[in-house]
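What the coordinates show
Below, each chain spelled out in residue letters.
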Amino acid sequence: MEVEEMLETYYERIGEIPGSEKFIQCIQCGTCGGSCPYGMGTLFTPRRMILAVRAGMVKEVLDSGAQWLCTSCFTCSLRCPSQIPITDAIIPALRELSLLEGNPPEELAAALMNIARYGNSFRESPRKRDKWTKEVDFEVPVMAKKKSADVLFITECFGAYHRRCKEITKAFAKVMHLLGVDFAILGNEERCIGDLARLSGEFGLFEDLAEKNIRVFEKYEFNKIVTHDAHAYNALIREYPKFGFEKETLHHTQFLYQNLAKLKEMFGKLDYTVTYHDSCYVGRRNGIYEEPREVIRAIPGVKFVEMKRIRENALCCGGGGGGVWLDSFIKEHIKERPAESRVKEAAAVGADVLVTACTLDVPMFEDALKVTGLEGELEVKDIAELVLEALES
Ligand code: SF4
Ligand code: SF4
């Protein structure tokens, strides 16, 4: 593609994303670069990306690979004084150009291809999506048979297929089972919700997934969706309404908080010092800070300690925005990955358990424990796993 055409495609795309007209209001203050966990490892911070695109140097940005170093942590967007949608528009639209040029990092290209072909990034058969339900000691109802339920539980791809994340899915399903919640899953009919594809610049794939998923939702009767996947939650509340989806969607931290009175009656005692990681798309992007903390504090015997960087200033795990598929690429560019810094922060405040609330966090942090030598000293658990442990103790 010639530069002129690239710029035209770019401006056309950001023109479709609400708030992108603020692109011209960038005052080059540098807050974004100063806030970015990859600010030191890139030639083009968001400030410099904007400057370069304005100057027609879009090829230089793409050739640097800077567009792939963003984990969509949303810190720059939240802090930008001109409220430019850097995370939702400026960077994904550059990524789209990179995809059109055919030069995205290999791991990411493979993941996107798998989502398009199989409906999940794992290259797994959709028929295996509910395999985890055979590994639990209670029945998990499937919508195709049940037809209606109060809660539709969306497991998402990591929650359905990833070896470690499946444990979170099983734990949260068991919590709902113990609470007597009327829930069901889509099983083989579920496919990727698509937030990571959107943030990776695959806008067409995201639209296709959203339309197909909404058609499946419309086949059944339910009152709300609950999901433990922070990106699925984000897409369902922020993006799917653009395609006509109107059902209430709760993140599992909100759902646990809503059921806290009943949970408190059932909790046994644990003996942990616990800290909580505010996942980007639970905390900073969607403002859920208190609910998970209230749930953790309500567990008898748990001592809750805070890390230094919390709430809107929390450090990202590095998995968002396609980062979970870009590990080798990211390792080439920075000395210490954000997940490694984060587990060190958790250990520094004396925590035995780092509690998370996004399925991507657990594998990212468990890998970081190995790299930093903190394995055995610090454990990583999703909040659903902690709650289930308290219910079963
Ligand atoms: S923080 Fe916003 S206004 Fe400041 S340089 Fe970055 S994009 Fe521009
Ligand atoms: S979203 Fe996060 S990782 Fe991406 S450019 Fe902004 S601060 Fe950096």
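Residues numbered from 1 in each chain as written. Chains lettered and ligands numbered in written order. Predicted model: local features only at pLDDT ≥ 70, side-chain atom pairs only at ≥ 80, totals over all residues.

1. Regarding the overall build of the protein
Along its length, the protein carries 20 helices and eight strands. Here the protein has a C-alpha radius of gyration of 21 Å; the compact-globule value for 393 residues is 21 Å, and the two agree. C-alpha atoms of the protein, sized along the principal axes, occupy 60 × 50 × 35 Å. By residue count, 51% of the 393 residues in the protein fall in the buried class. Once local pairs closer than 6 in sequence are excluded, the contacts in the protein between residues at least 24 apart make up 79%. (Helix = DSSP H or I, 4+ residues; strand = E, 2+ residues; numbered from the N terminus. Rg over C-alpha atoms; globule rule 2.2 N^0.38 Å. Buried ≥ 20, exposed ≤ 12 C-beta atoms within 10 Å, placed from the backbone. Contact = placed C-beta atoms within 7 Å.)

2. Points about the sheet that holds strand β3 (residues 221-227)
Taking strand neighbours across the sheet as the criterion, the four strands line up as β2-β1-β3-β4 in an open arrangement whose pairing is parallel. This sheet does not close on itself; its edge strands, each paired only once, are β2 (183-185) and β4 (248-251). The sheet shows a mean angle of 35° between the axes of neighbouring strands, direction not considered. Sheet analysis places β3 next to β4, joined by four bridges and oriented parallel. Of the residues in β4, the one forming a bridge with Lys-224 is Glu-248. (Pairing = 2+ DSSP bridges. Axes fitted to C-alpha atoms, helices over the stretch in contact; angles between N-to-C directions.)

3. A word on the packing of helix α3 (residues 46-54) against helix α6 (residues 86-100)
The interhelical angle for the contact between α3 and α6, taken along N-to-C directions, is 55°, at an axis separation of 11 Å. One finds that α3 runs oblique with respect to α6. Between α3 and α6 lies a crossing whose hand is left-handed. Each of Pro-46, Met-49 and Ile-50 in α3 lies in contact with α6, whose residues at this interface are Ile-86, Ile-90 and Leu-94. When grouped by side-chain class, the residues that make up the contact of α3 with α6 number six nonpolar, no polar and no charged. (Parallel < 35°, antiparallel > 145°, perpendicular 65-115°, else oblique. Left-handed = near helix turned anticlockwise from the far one by under 90°. Nonpolar A, V, L, I, M, F, W, Y, C, P; charged D, E, K, R; others polar.)

4. A word on unusual backbone geometry
The backbone phi angle of Phe-74 is positive, close to 80°, even though this residue is not glycine. Tracing the chain through its elements places Phe-74 in the loop between α4 (58-64) and α5 (75-79). When the 24 C-beta atoms within 10 Å are taken as the criterion, Phe-74 is described as buried. A positive phi is found at Arg-123, a non-glycine position, where the angle reads about 60°.

5. Observations concerning the site of ligand 1
Taken together, 15 residues lie near ligand 1, and Cys-26, Cys-29, Cys-32, Arg-47 and Cys-80 sit nearest. Those elements that place two or more of their residues in the shell around ligand 1 are α2 (31-35) and α3. For the shell around ligand 1, the element with the most residues is α3, which contributes three residues. Taken together, the residues of the shell around ligand 1 sort by class into 10 nonpolar, four polar and one charged. (Near = placed C-beta within 6 Å.)

6. With respect to the domain arrangement of the protein
Assigned domains within the protein: domain 1 (3-103), domain 2 (118-257) and domain 3 (266-392). The centre of domain 1, based on its C-alpha atoms, is set 28 Å off from the matching centre of domain 3. Contacts between domain 1 and domain 3 engage 12 residues on the former and 17 residues on the latter. Grouping the constituent residues of the side of domain 1 that touches domain 3 by class yields eight nonpolar, four polar and no charged. (Domains from an automatic or database assignment.)

7. Considering the pairing of strand β8 (residues 379-382)
Here β8 shows two buried faces, one formed by Glu-379 and Lys-381 and the other by Val-380 and Asp-382. Here four bridges tie strand β7 (residues 353-356) to β8, and the two strands are oriented parallel to one another. Note on β8: the bridge partner recorded for Val-353 is Glu-379. Crossover connection from β7 via helix α19 (residues 361-372) to parallel β8: handedness right-handed. (Right-handed = clockwise from strand over helix to strand, strands pointing away.)

8. What about the sheet that holds strand β5 (residues 273-276)?
The parallel open sheet is built from four strands, whose spatial order is β6-β5-β7-β8. Because the sheet does not close on itself, it has two edges, and the strands there are β6 (303-304) and β8. Strands in contact with helix α20 (residues 383-392) are β7 and β8; relative to β8, the strand with the most contacts, it is inclined by about 90°.

9. Side note on the site of ligand 2
If you check the shell around ligand 2, you find 15 residues, and the closest are Cys-36, Cys-70, Cys-73, Thr-75 and Cys-76. Elements that contribute at least two residues to the shell around ligand 2 include exactly α2, α5 and α6. Of the residues assigned to the shell around ligand 2, the class counts are 10 nonpolar, five polar and no charged.

10. Observations concerning the environment of Ser-279
For Ser-279, the position within the fold is in the loop between β5 and α16 (290-297). For the pair Ser-279 and Leu-100, spaced 179 residues apart in sequence, the C-alpha to C-alpha distance is 30 Å. Leave out the neighbours within four places in its chain, and Ser-279 touches Ala-230, Cys-317, Thr-356, Ala-357, Cys-358 and Asp-361.

11. What to know about the pairing of β5
Alignment of β5 against β6, held across two bridges, turns out to be parallel. The residue bridging Thr-273 from the neighbouring strand is Lys-303, located in β6. Tracing the backbone out of β5, into α16 and back to the parallel element β6 gives a crossover that is right-handed. Sheet topology note: the β5/β7 ladder contains three bridges and is parallel. Within β7, the position partnered with Val-274 by the bridge is Val-353.

12. Topic: helix α10 (residues 165-179)
With 15 residues, α10 should cover 21 Å at 1.5 Å per step; its first-to-last C-alpha distance of 21 Å lies within 8% of that length. Of the residues trailing α10, Gly-180 is marked for its positive phi of about 75°. (Expected span 1.5 Å × (residues − 1).)

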